[in-house]
Every structure is written in C-alpha cells, then in structure tokens.
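Architecture at a glance
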Amino acid sequence: MNTSIKTSMGVSEWIMLIILSILWGGSFFFVGIAVSELPPFTIVTIRVGLAAIALWVVIFAFKMPLPTTVKAWNALLVMGLLNNVIPFTLIVWGQIYIPSGLASILNATTPLFGVIVATLFLPDEKANVLKILGVIIGFFGVILMFGLPDDNQNFLAQLAILGATLTYAFAGVFGRRFKAMAINPIVTAAGQVTGATLLLIPITYVIEGVPLLPTISNETWLSLIALALLSTAVAYILYFKILERAGATNLLLVTLLVPVSAILLGALFLDEKLDTSHFIGMGFIAIGLSAIDGRFWKKFRK
C-alpha cells in the first residue's frame, strides 16, 4: 500500500496544527494546577483514562469500524507507551520542579529529535543540509536554556522533559504505520490512550496507591477533565489526522507553537516567570525549526 505523505503543509494542515498547539499549550497549564494536589502517575492515569472513555463514546455513537488484527492492537499498545505513558509521566514529574512555561519551551525541541529519528527510520523523510543545520542551531538554543546547573533537581527535571521529547519523536515515526492500516484517526487515538490506561493502572497502584478522589479540589478536577477531554482526546484526533496527511517531521513543528499559549497561561494564572536566557534559547530553537521546515529559508535561495 502507498504510504507516502506530503512534504509540505497546506492551509487546512496549518489550521489544525495551530489548534493542536493551543490544546497542548493548555495541557502544561492544567498539569501545573494538578501537580499541587496529585502525584505524577495518578495525574497521567486519570488523564488517559477519561480521554479513553470520551473517545469510545464517540466511536460507538458513530459506529466506527475497529481494527480486526492482533498486529493493529499491539501497535496501538506500543503507541500508547511511546506517546502517553513515558512522555506524560516525565513531563508531569518535571513540572513539579520547573515552571510550565519552561517545560513547554523544552518540549519545543521535539522536532529536533524528530528530524534525527525520522532520518534514521523513514526513507521519505530523510534530513537534508538545511534540516541538519536546523538541528544544530536548535540544540545550541537548548544549551543556552540549560546554562550551568545550580540545582540538581531542577536540572534533572529539565532532562526529564527532554527525555519526553525524544520519546515523542519515536512515537511520531512509529505512528506513520497507522495510515497503511487504514485506521480512523479517532479510533487510533482511542486505542492509544486505552493501551496507555491499561499499562498505567497497575504501575500507578504499585507506586502511588489508590488516590483519595473525594479530597481533590474542584479546581483540580476541572483541570483534569480539561486535560483529558481537550488536551488529550480532541488533541490526539488532530494529531493523527495531521500525521496521516503531513508526516512526522511536519507534525512535530506544533511544539514550536505550544510555548506561546503555555507561557501566557502560566504567567497570567500561575504567577510563573522565565529568565532572559530561556527566551534567547527559544529564539535559537525557533530559528532551527524554521530551517527544518524550510519554507522561509528557500525564499532566500531563489
């Protein structure tokens, strides 16, 4: 089956990408509220569990066809591990120690890892000279943001976010196979978060025990519901649609847009502040990502 994708995005793909960036930018804000009351695995389990319920309601309501092979369900389980269990847990743990805005900036390095992983594993998304240059510039921005660590916990938290972005890159490449399987993006999203929920329930029980749900404040519950329905269920429908139409490298450009909404929400409602070095580093990451995208740079070569 032909699984080739477009190497550039049209208006509809960019609109979906912008909406996705707002939804994911909000996720850092919602997690920033939830971590004040709940431990990491509990937050992630509730997030994917509620998202799974919402997506299955939609699937059964519209009688969407489901995968019929063990291979497809195994792939969805692996996708849940790569795209939810590992990165969500690392990000939530990291946000215990660093602001949501900084976490979202570090998350913007995902396309840098995406170029490397896609080059290694996807024949139709090999890196060219411009993309390699973009990766180098982007990683220079990461180094500027890190600086000299004066707090081991803070440094480890930043490394955790970077670990999540590397996992996202592998997930974007792995997720390309769902186009060949002809699985509806909503079904793919539901299968992914369901697999993640099944993996997380025993892990969460062993590490953190049963959460005392009646003690959770209304503010945290609202954050968890928004995190699950908007930043997970709706977001992953868009995610798999963009992945199907524009490929892994283009999809991961969304993380450049995510910090805008995450920083604004964190500054307005969580009283968070970022250092000048963070914004300078973000500037280099933006330049690097523009090189990876290529459209702006190509104008100067004509």
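Everything discussed here concerns the structure shown above.
Everything in this summary refers to the structure shown in the same document. (Residues numbered from 1 in each chain as written. Predicted model: local features only at pLDDT ≥ 70, side-chain atom pairs only at ≥ 80, totals over all residues. Heavy atoms only, no water.)

Some thoughts on the packing of helix α3 (residues 70-94) against helix α9 (residues 185-208)
Between α3 and α9, the shortest axis-to-axis distance is 7 Å and the interhelical angle comes to 65 degrees. Between α3 and α9, the interaxial angle falls into the category roughly perpendicular. As for how α3 packs across α9, the hand of that crossing is right-handed. Contact residues: Trp 73, Leu 76, Leu 77, Met 79, Gly 80, Leu 81, Asn 83, Asn 84, Val 85 and Thr 89 in α3; Thr 188, Gly 191, Gln 192, Val 193, Gly 195, Ala 196, Leu 199 and Leu 200 in α9. Broken down by class, the residue content of the contact of α3 with α9 amounts to 10 nonpolar, eight polar and no charged. (Axes fitted to C-alpha atoms, helices over the stretch in contact; angles between N-to-C directions. Helix = DSSP H or I, 4+ residues; strand = E, 2+ residues; numbered from the N terminus. Parallel < 35°, antiparallel > 145°, perpendicular 65-115°, else oblique. Left-handed = near helix turned anticlockwise from the far one by under 90°. Contact = heavy atoms within 4.5 Å. Nonpolar A, V, L, I, M, F, W, Y, C, P; charged D, E, K, R; others polar.)

Section: the packing of aromatic side chains
Within the structure shown, the criterion is met by 14 aromatic pairs. Geometrically, the ring pair formed by Phe 140 and Phe 284 is edge-to-face, given 4.9 Å between the ring centres and 80 degrees between the ring planes. Taken together, the positions of Phe 140 in helix α6 (residues 129-146) and Phe 284 in helix α12 (residues 276-293) put the pair 144 residues apart, joining distant regions of the chain. Residue Phe 140 is classed as partly exposed on the basis of its relative accessible area, which comes to 40%. Consider the rings of Tyr 236 and Phe 240, whose centres lie 6.3 Å apart with planes at 40 degrees: the pair is tilted. Of this pair, Tyr 236 and Phe 240 both sit in helix α10 (residues 218-251), four residues apart, which is roughly one turn of the helix. Grouping residues by exposure puts Tyr 236 and Phe 240 together as buried. (Phe/Tyr/Trp six-rings, centres within 6.5 Å; stacked < 30°, edge-to-face > 60°. Buried < 20%, exposed > 50% of the residue type's maximum accessible area, 1.4 Å probe, protein only.)

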